[in-house]
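This is what each chain is made of:
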Amino acid sequence: MRRFLFMVVGGVLVVLILIFMYRFYFVFGRGVKAGELNLFVEKGYAFKTFEGRLIQSGYRSKQPGALQSNEFQFSVTDKRIADRLMTCSGKFVELHYKEYLGALPWRGMSNFIVDSVITVKDVAY
């Protein structure tokens, strides 16, 4: 009886660990986003994380004469990348990111984690 109970509890633990790993460590998608870096800050109570906001080029709205913009919110885990982005506010940047199915407090507030900066350019008005 004990052996059976041990196997059931062990099996349930393995399934829970696999679900956790899939939800928080499986890379669901990879891609590149480009736009003007609007905000980049380090914040948090228990875990200080780097959070950013990228304003992508606008696209036509359904209302005539209106322009709608798209905002991309992301987190950064690498201190070297965060230091580079701290000096890029207001510039046009291309960022490579990984998308996870869930956010972890020590990884950031977003499911999108930037892992490299491809280009940084001044915005031409």
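If you're wondering where the values come from, they're calculated on a predicted model, not measured in any experiment.

## Thoughts on the overall build of the chain
At step 1: Along the chain, the regular secondary structure elements total 2 helices and 5 strands.
At step 2: When the helices and strands of the chain are placed in sequence order, the string is α-β-β-β-α-β-β.
At step 3: Counting every position in the chain, which comprises 125 residues, the buried fraction comes to 26%.
At step 4: The long-range share in the chain, meaning contacts at least 24 apart out of those at least 6 apart in sequence, stands at 58%.
At step 5: Of the accessible surface of the chain, which amounts to about 8900 Å², a share of 60% is contributed by carbon and sulfur atoms.

## As for the side chain of Arg-107
At step 1: Tracing the sequence through the fold places Arg-107 in the loop between strand 4 (92-100) and strand 5 (112-121).
At step 2: No salt bridge is formed by the buried Arg-107; its nearest oppositely charged neighbour, Glu-51, is found at 9.6 Å.
At step 3: A polar contact is formed between the side chain of Arg-107 and the backbone oxygen of Gly-102, at a distance of 2.8 Å.
At step 4: Arg-107 has contacts with Phe-24, Tyr-25, Thr-49, Ser-75, Thr-77, Tyr-100, Gly-102 and Ile-113, leaving out every residue within four places of it along the chain.

## Here's the deal with the side chain of Ser-75
At step 1: By secondary structure assignment, the location of Ser-75 is in strand 3 (residues 67-76).
At step 2: At a separation of 2.6 Å, a polar atom in the side chain of Ser-75 contacts the side chain of Glu-51.
At step 3: When sequence neighbours within four positions are dropped, the list of residues in contact with Ser-75 reads Phe-50, Glu-51, Arg-107, Gly-108, Met-109, Ser-110, Phe-112, Ile-113 and Val-114.

## Some remarks on the confidence of the model for the chain
At step 1: For the chain, per-residue confidence averages 90 on the pLDDT scale, and 90% of positions sit at 70 or higher.
At step 2: Summarising per-element confidence for the chain, the mean pLDDT is lowest in strand 3 (84) and highest in strand 4 (96).

Conventions we followed
Residues numbered from 1 in each chain as written. Predicted model: local features only at pLDDT ≥ 70, side-chain atom pairs only at ≥ 80, totals over all residues. Heavy atoms only, no water. Helix = DSSP H or I, 4+ residues; strand = E, 2+ residues; numbered from the N terminus. Buried < 20%, exposed > 50% of the residue type's maximum accessible area, 1.4 Å probe, protein only. Contact = heavy atoms within 4.5 Å. Areas by Shrake-Rupley, 256 points an atom, 1.4 Å probe, with all protein chains shown as cover. Lys, Arg positive; Asp, Glu negative; His and termini not counted. Salt bridge = Lys/Arg side-chain N within 4 Å of Asp/Glu carboxyl O. Polar contact = N/O pair within 3.5 Å; in protein donor to acceptor, adjacent residues only side chain to side chain. pLDDT = per-residue confidence, 0-100.

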